[in-house]
Amino acid sequence: MRKILLLLIFPFLVCCKNFETKKISSEEVFNQETKSLNWKEVDEYPAFENCKNITELEKARDCFESTVANSIYAYLVKQQPIVTQSIDDTLFLYLEISKSGKPVVDSIRVDSIITYQLPELDKWVRQSVDSLPKIYPAIKRGIPVSSVFKMPIIIKAE
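Residues numbered from 1 in each chain as written. Predicted model: local features only at pLDDT ≥ 70, side-chain atom pairs only at ≥ 80, totals over all residues. Heavy atoms only, no water.

Engineer: Run through the overall build of the protein chain, naming residues and quoting values.
Structural biologist: Each helix and strand counted, the protein chain has five helices and five strands in total. Seen in sequence order, the protein chain has helices and strands lined up from the N terminus as α-α-α-β-β-α-α-β-β-β. Taken over 158 residues, the protein chain has a buried fraction of 31%. Sequence separation of 24 or more characterises 72% of the internal contacts of the protein chain that already satisfy a separation of 6 or more. With an accessible surface of roughly 11,800 Å², the protein chain has 56% of that area assigned to carbon and sulfur atoms. (Helix = DSSP H or I, 4+ residues; strand = E, 2+ residues; numbered from the N terminus. Buried < 20%, exposed > 50% of the residue type's maximum accessible area, 1.4 Å probe, protein only. Contact = heavy atoms within 4.5 Å. Areas by Shrake-Rupley, 256 points an atom, 1.4 Å probe, with all protein chains shown as cover.)

Below, the structure is given as structure tokens:
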């Protein structure tokens, strides 16, 4: 009985001798993890209070972008711009939402025709962004991160 028990235990002892562990530094783990992450995508888009409970990624993005656009349009309408020719064009707003949720206008791409007709437009867009309600930042792996959006804003005036 002892010999049989010894024969059964012996293979386990031999197998365990060949088992080795390798220590990996936390820096190496971080580097491997960083390489595997897709930094162009977030787990949660920035959100306003009215969009906070939307869990589907595309719908959350649409809610965020439409809230920004509607806020900008509402601000621009209050300015009551006067034009000499009709305008039907698009400006592109490059908007960064910092990891603290602060909106910052990175740049505004606009046609010279619109700039000629509405020289205050750049200032109005920046002021409208400053007046946006509280924004919750984008989330990547549970951590707030900065995000940048290229948003088309249609400008129509007659």
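So that's the structure; there's more coming.
Engineer: Please provide a residue-by-residue account of unusual backbone geometry, values included.
Structural biologist: With the exception of glycine, the majority of residues adopt a negative phi angle, and the majority of peptide bonds are in the trans configuration. The backbone of arginine 141 shows a phi angle near 55 degrees, a positive value even though the residue is not glycine. Here arginine 141 shows up in the loop between β3 (138-140) and β4 (143-145). Taking the relative accessible area as the measure of exposure, arginine 141 reaches 49% and is therefore partly exposed.

Engineer: Give me the environment of tyrosine 75: which residues, what numbers.
Structural biologist: Secondary-structure assignment places tyrosine 75 in helix α3 (residues 57-78). Judged by relative accessible area, which is 19%, tyrosine 75 ranks as buried. Expressed as a C-alpha distance, the spacing of tyrosine 75 and serine 128, which sit 53 residues apart in the sequence, is 5.8 Å. Discounting residues that sit within four places of it in the chain, tyrosine 75 has contacts with Trp124, Gln127, Ser128 and Ser131.

Engineer: Please set out the state of the cysteines residue by residue, giving values where relevant.
Structural biologist: On inspection of all chains with the given rule, the structure shows one disulfide. The disulfide partner of cysteine 51 is cysteine 63, and the gap between their sulfur atoms is 1.9 Å. Between cysteine 51 and cysteine 63 the sulfur-sulfur dihedral comes to about -75 degrees; the bridge is accordingly left-handed. Linking cysteine 51 in the loop between α2 (26-36) and α3 with cysteine 63 in helix α3, this pair joins segments that are twelve residues apart in sequence. Assigned by exposure class, cysteine 51 and cysteine 63 land together as buried. (Disulfide = S-S within 2.5 Å.)

Engineer: Provide a residue-level description of the pairing of strand β1 (residues 87-97), including the pertinent values.
Structural biologist: Pairing analysis gives eleven bridges linking β1 to strand β5 (residues 147-157), with the strands arranged antiparallel. Note that in β5 the partner of isoleucine 97 across the bridge is serine 147. Here β1 folds back onto strand β2 (residues 103-109) in antiparallel fashion, the turn holding five residues, of which glycine 101 has a positive phi close to 95 degrees. (Pairing = 2+ DSSP bridges.)

Engineer: Account for the packing of α3 against helix α5 (residues 121-130), with residues named and values stated.
Structural biologist: For the pair α3 and α5, the least separation of the axes is 9 Å and the interaxial angle reads 130 degrees. Considering their axes alone, α3 and α5 lie oblique with respect to each other. Helix-helix and strand crossings are classified by hand; for α3 and α5 the assignment is right-handed. Facing α3, whose interface residues are Ile72, Tyr75 and Leu76, α5 presents Leu121, Trp124, Val125, Gln127, Ser128 and Val129. (Axes fitted to C-alpha atoms, helices over the stretch in contact; angles between N-to-C directions. Parallel < 35°, antiparallel > 145°, perpendicular 65-115°, else oblique. Left-handed = near helix turned anticlockwise from the far one by under 90°.)

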